[in-house]
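Secondary and tertiary structure notes
Listed below are the residues making up each chain.
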Amino acid sequence: MTRLLKEIPNNDPLNIAEQKTIIDNAIVQNKERPGAVMLVLNEVQGKIGHISPSMQAYIARKLNIPMGQVHGVVTFYSFFQTKPRGKHTIKFCLGTACYVAGVPQLIEKAKQMLNIELGQTTPDGQITLEECRCVGACSQAPVVVVDEEVQGRLRPNKFPQIIKRVQG
Amino acid sequence: MAFYRSHVLVCIDPECLAKGAHEIVDALQDEFVAQGLIDEIQVLETSRIGGCSGGPEMMVYPEGFHYHGMTADDIPFLVEEHFLKGRIVERFREVSKPIVDEELGPLRPKEVRIVLRNCGQIDPNNIEDYLAIDGYQALGKALFEMTPEKVIDEVLNSGLRGRGGAGFPAGRKWRLTRQVNDNPKYMVCNADEGDPGAFMNRRVLEGDPHSVIEGMIIGAYAIGASYGYIYCRAEYPVAVDTLNIAIKQAREFGFLGNNIFGTDFNFDLEVRVGAGAFVCGEETALMASIMGKRGEPNPRPPFPSVKGVWGKPTNNNNVETYSNVPQIISKGAAWYASMGTERSKGTKTFAVGGNVVKPGLIEVPMGITLREIIFEVAGGIKDGKKYKAVQTGGPMGGCLTEEHLDLPLDYEALSQAGSMMGSGGLVVMDENSCMVDIARFFMDFTQAESCGKCTPCRVGTRRILELLQKICDGKGQDGDIERLENLCYEVSRNSLCGLGQGAPNPVLSTLKHFRHEYEAHIYEKRCPAKVCRPLIHLTIQTPVCTGCTVCSRNCPVNAISGERRQAHLIDQAACIRCGICVQVCNFNAISVES
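Residues numbered from 1 in each chain as written. Chains lettered and ligands numbered in written order. Predicted model: local features only at pLDDT ≥ 70, side-chain atom pairs only at ≥ 80, totals over all residues.

What follows concerns the overall build of chain B. Counting its regular elements, chain B contains 23 helices and 17 strands. Against the 2.2 N^0.38 benchmark of 25 Å for 594 residues, chain B shows a C-alpha radius of gyration of 26 Å, consistent with a compact globule. A principal-axis box enclosing the C-alpha atoms of chain B has dimensions of 80 × 65 × 40 Å. A burial count over chain B gives 56% of its 594 residues as buried. If you take every contact in chain B between residues at least 6 apart in sequence, the share linking residues at least 24 apart comes to 72%. (Helix = DSSP H or I, 4+ residues; strand = E, 2+ residues; numbered from the N terminus. Rg over C-alpha atoms; globule rule 2.2 N^0.38 Å. Buried ≥ 20, exposed ≤ 12 C-beta atoms within 10 Å, placed from the backbone. Contact = placed C-beta atoms within 7 Å.)

Shown next, in the form of C-alpha cells:
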C-alpha cells in the first residue's frame with residue numbers, strides 16, 4: 001500500500017486536485033455509514049470513471065480497512081474499472097432478446113469499423129467498446145447503449161452514423 | 001397543489017427515450033410557454049404507457065387520448081390543434097390499444113393488473129398522485145386496525161409467494177423473521193433484476209415506487225424491523241433516482257422515520273446500488289454486497305431470517321412481492337386468493353420478449369397457459385413463423401416446447417416441466433433459433449457471472465461452456481452429449497447457491513426436448529436452424545441479386561465482390577458467416593444453407 005501511495009503516476013486522479021476532492025468528498029460523506037466501501041467506490045467510479053490501484057490504496061487507508069478488501073470488491077463487480085475508459089462508450093446489450101435479434105452482428109461491424117476488440121479503447125482515447133448485461137429494453141432489440149443513451153432496433157448498416165455522431 | 005386543466009404524460013422508459021422522448025418533452029414545454037398555456041397544462045414524465053412499439057408515446061388527461069409516433073417537429077402542430085383548438089389529431093392517435101384504466105378493463109385481453117395498476121397512470125415523482133389513489137391507506141389500516149400477527153396472517157392467507165422466482169410463501173418468511181428473538185431486524189428489497197430479458201421490476205420501480213415502499217413499511221411493522229435497504233442494480237439509473245425521490249417524499253409526509261402516523265413504530269429506508277454482478281440477486285450474496293463486501297453467496301443455514309445483514313434477522317423479498325402487499329391489506333386476503341391456481345395465488349408479471357408480435361410487459365393471473373400468453377396476450381409469433389420454444393425463468397430456467405403450451409402456469413407446474421417461474425422473463429423463440437446456440441448463450445452468461453467461490457460452479461460451468469462451444473463449432477464427438485449430462489448433474493448437485501444449482505437447467509432442458517438438434521450438430525455437422533456459423537454457408541442467388549452493392553459495402557471482411565447492377569459473389573474462404581449481408585439485403589437474395 002505504501003508503495004502504491006508513494007509512486008502515484010502523474011496522470012493519476014489522486015494527483016489531479018479536482019478529482020482528489022471528489023474522492024475525499026465521497027469518503028467524508030460515507031465514512032460513517034455501514035458498508036461504506038461500496039458507496040464510496042460507486043461514487044468514485046461514477047464521477048471519475050475508474051479506480052486506479054493508487055486510488056484503491058488511498059480509499060483503503062482513509063476508511064481504515066485492508067487494501068485487499070477494497071481491491072477484492074473492485075475486481076468483483078463489473079461496473080468498477082481499474083483503467084480509464086475512452087471519452088465515449090458504446091455498450092452492446094447481451095440480453096437474450098438482443099442476442100436473438102442480432103447484437104453479435106452489430107459487434108462484428110463495430111469491431112471492423114474501429115479496429116479494436118470488445119473491452120478496448122480506440123488509440124485516440126475516444127471510443128470504448130463494451131458488452132453489458134440486459135438493459136431491460138428488450139422489445140427494442142437489438143439495443144446498444146451509447147454513453148447513457150439507449151438506441152434500439154439497430155441494423156449493422158446504421159452503425160457508421162452512430163460512430164460518426166459519437167465522434168462529433 | 002397547483003391546478004391544471006390538463007396533464008400530458010410522456011413515457012420516458014428506455015425504449016421511448018431511444019425514440020426521442022426527451023426532445024418531445026422539451027418541445028412540449030417550449031410550445032406551451034410560447035402559446036401561454038404553461039400555467040394551464042402540466043407536462044409529466046412517466047414510465048411506460050403501453051406498447052412503446054409505435055414510438056414516443058403520450059397520454060393527454062382528462063380526455064384520456066393516447067398519441068404516439070410523433071417527433072419534436074410535430075409538437076407545435078399538435079399543441080395548436082389539440083390544446084388551442086380542441087381538435088383531435090387523428091394522425092398520431094393510437095386507437096388500436098385501449099387506454100390503461102382499471103375501470104375500462106385491462107390493457108390486453110386476459111390481463112389483470114395489480115402490481116402494474118399505477119404504472120403510466122400517476123406521476124412517480126409526486127407522492128400526492130399516489131395518495132390520490134388511496135396510497136398509504138393500507139399502511140394506515142395495518143397500523144391502526146391490525147396487530148403485526150394479523151398482518152402476517154392476512155399475507156399468509158392471501159397465498160402470496162415470493163415473486164423473485166423461488167416461490168417461498170411471503171407470510172411464512174415474515175413469521176420466521178418475526179419469531180427470531182434478536183434486534184434490530186432489517187427489511188431488504190431485492191431489486192437486482194439481473195435476468196436477461198426481464199424488466200418487470202424496473203417498470204414498477206420507475207412507475208410506482210411508493211407501492212414498493214408502502215409494502216416494505218407494512219412488512220417492517222409485521223416483523224418488527226426498524227431499518228430497510230432497497231438493493232437496486234446499477235443498470236437501472238432511472239429507477240434509483242425515482243426511488244430516492246420517493247423515499248425523500250415519504251419521509252417528508254411522515255410515512256418513514258420515527259413515530260409513523262403518530263404511533264411508536266419507527267422505520268427508515270435507503271437505496272443501495274449494485275455494481276453489475278448478477279450473482280448479487282442471490283439473497284446471501286446481495287446481503288454481502290449491502291455490507292460492502294464481494295457479492296459472494298454464503299451457505300444456508302443460517303438463513304437470513306436468523307442471521308442476515310450485519311448478522312441480524314433480515315427479511316428479504318422481491319420488488320413485486322412487496323408491491324402486492326398494500327393491495328392485499330386493503331382488499332383482503334380472500335380477494336387476492338380468489339385469483340390463480342390452488343397453490344399459486346394472485347397475478348404474475350411477465351416480460352414477454354423474443355420473436356412475438358407484441359413484446360412487452362404483461363400481468364396475468366396465475367394458472368394461465370403459455371398458449372394464452374403467447375398467442376392471445378402477445379399476439380402470436382412474428383412474421384408468421386412457427387413457434388419452437390419458450391425460455392422461462394432466465395438463465396437458470398429452461399426451455400419449454402409445443403407440448404407444454406397448455407400447461408397452467410404456476411410454480412409447481414413449471415418446475416415439474418423442468419423449468420422454473422424465475423422472476424418472470426419469457427423469451428419466445430421461433431424456428432430460426434438454434435437450441436444448442438441458446439444453451440451456449442446462457443452458459444456463457446452464467447459462466448461469466450459465476451462468482452468463483454465454489455469449485456463445481458466456477459470450473460463446471462466453464463467446462464460445460466467449452467463442450468457446447470465445441471459442438472456449435474462442428475467439432476462435437478460421439479459421447480459429448482453424455483459428458484454434458486454428467487457434468488450438468490454434478491454442477492447442479494454440488495454448487496453452493498442457486499446460480500450454480502440452476503446453471504445447467506438450460507442445457508438439460510434443451511437436451512431433453514431438442515436432443516435431435518445436438519445430434520445433428522455432432523453427427524451430421526449440420527445446424528438445423530442455420531445459426532451456428534462454422535456449420536453454415538451463405539450464397540447469393542444470382543437471378544434474384546440486383547447488384548445494388550449494399551451487401552458488399554456492409555461486409556466486415558470484404559468477402560463480397562461484384563460490379564454494380566451485376567450479380568454479386570461471396571468468397572467462401574474469406575466469409576466469416578456473420579450474416580450481416582442477409583440482414584441488409586433488400587431483395588432476400590442471400591440464402592443460408594447448412
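After presenting the structure, the write-up continues.
For chain A, the count of helices and strands is 8 helices and 4 strands. Seen in sequence order, chain A has helices and strands lined up from the N terminus as α-α-α-α-α-β-α-α-β-β-β-α. Expressed along its principal axes, the backbone C-alpha trace of chain A runs to roughly 50 × 35 × 25 Å. For chain A, with 168 residues in total, the buried portion stands at 43%. At a minimum sequence separation of 6, the contacts of chain A that also span at least 24 residues come to 62%.

So, about the sheet that holds strand β12 (residues 398-400) of chain B. All names here are of chain B. The strand order β10-β9-β13-β11-β12 describes an open sheet built from 5 strands, whose pairing is mixed. A single partner strand is all that each edge strand has here, and the edge strands are β10 (360-365) and β12. Averaged over neighbouring strand pairs, the angle between their axes works out to 30° when direction is ignored. (Pairing = 2+ DSSP bridges. Axes fitted to C-alpha atoms, helices over the stretch in contact; angles between N-to-C directions.)

Before going further, it helps to spend a moment on the domain arrangement of chain A. Each assigned domain of chain A is listed with its residue range as follows: domain 1 (2-76) and domain 2 (88-167). Centre-to-centre, using C-alpha coordinates, domain 1 of chain A lies 30 Å away from domain 2 of chain A. (Domains from an automatic or database assignment.)

Bringing the pairing of strand β1 (residues 88-93) of chain A into the picture now. All names here are of chain A. Relative to strand β2 (residues 127-132), β1 is paired through 6 bridges, and the arrangement is parallel. Bridging from a neighbouring strand, I90 pairs with L129 of β2. Of the strand pairs in this sheet, β1 and strand β3 (residues 144-146) are connected by 3 bridges, and their pairing is antiparallel. Within the sheet, the bridge partner assigned to K91 lies in β3 and is V145.

What follows concerns the interface of chain B and chain A. Chain B puts 43 residues into the contact, and the matching count from chain A is 37 residues. It is helix α1 (residues 14-18) of chain B that provides the largest number of residues to the side of chain B that touches chain A, a total of 4 residues. Classifying every residue of the side of chain B that touches chain A gives 23 nonpolar, 15 polar and 5 charged. (Nonpolar A, V, L, I, M, F, W, Y, C, P; charged D, E, K, R; others polar.)

All names here are of chain B. As assigned here, chain B comprises domain 1 (6-99), domain 2 (127-336), domain 3 (347-430), domain 4 (435-523) and domain 5 (536-593). Every contact between the two is made by 14 residues of domain 2 and, on the other side, 16 residues of domain 3. Among the residues forming the side of domain 2 that touches domain 3, the class breakdown is 4 nonpolar, 4 polar and 6 charged.

So, on to the packing of helix α9 (residues 209-223) of chain B against helix α12 (residues 319-331) of chain B. Residues and elements named next belong to chain B. At a closest axis distance of 7 Å, the pairing of α9 and α12 adopts a crossing angle of 75°. Taken together, the axis directions place α9 and α12 in an arrangement best described as roughly perpendicular. Contact residues: α9 offers S211, V212, E214, G215, M216, I218 and G219, while α12 offers V319, Y322, S323, N324, V325, P326 and I329. Considering only residue class, the contact of α9 with α12 consists of 8 nonpolar, 5 polar and 1 charged. (Parallel < 35°, antiparallel > 145°, perpendicular 65-115°, else oblique.)

On to unusual backbone geometry. Apart from glycine, the bulk of residues carry a negative phi angle, and the bulk of peptide bonds sit in the trans form. Residue and element names in this part refer to chain B. The amide bond that connects N183 to the next residue, P184, takes the cis arrangement and shows omega of -5°. Mapped onto the elements, P184 comes out in the loop between α7 (170-179) and β5 (186-191). Between R300 and P301 the backbone carries a cis peptide bond, its omega angle lying at -5°. Looking at where P301 falls in the secondary structure, it is placed in the loop between α11 (283-290) and β8 (314-318). For W310, which is not glycine, the phi dihedral falls at a positive 50°. Considering the arrangement of structural elements, one finds W310 in the loop between α11 and β8. Here D383, not a glycine, exhibits a phi torsion of approximately 55°, which is positive. In this fold, D383 is placed in the loop between α14 (370-377) and β11 (387-392).

This next bit is on the pairing of strand β4 (residues 65-68) of chain B. Residues and elements named next belong to chain B. Pairing geometry for strand β3 (residues 57-61) and β4, over 4 bridges, is antiparallel. Residue pairing across strands places E57 opposite H68, the latter belonging to β4. Where β3 folds back on β4, the antiparallel hairpin that results is connected by 3 residues, among which G64 adopts a positive phi of roughly 80°.

All names here are of chain B. Here L28 shows up in helix α2 (residues 21-34). We classify L28 as buried; it has 23 C-beta atoms within 10 Å. Sequence separation of L28 and P76 is 48 residues, and the distance between their C-alpha atoms is 7.8 Å. In contact with L28, not counting residues within four places along its chain, are V8, V43 and I75.

So, about the sheet that holds β2(A). The strands making up a sheet associate through backbone hydrogen bonding, with each pair oriented either parallel or antiparallel. Residues and elements named next belong to chain A. Strand order across the open sheet formed by 4 strands is β2-β1-β3-β4, with mixed pairing between neighbours. Taken across any chain shown, the strands that pair with only one partner, and hence form the sheet edges, are β2 and β4 (149-151). Neighbour-to-neighbour, the strand axes of the sheet open up by a mean angle of 25°, direction not taken into account. Where β3 lies against β4, 3 bridges are found, and the strand directions are antiparallel. By the bridge assignment for β4, V145 is matched with V150. Together, β1, β2 and β3 form the strand contacts of helix α7 (residues 103-114), whose direction differs from that of β1 by roughly 150°.

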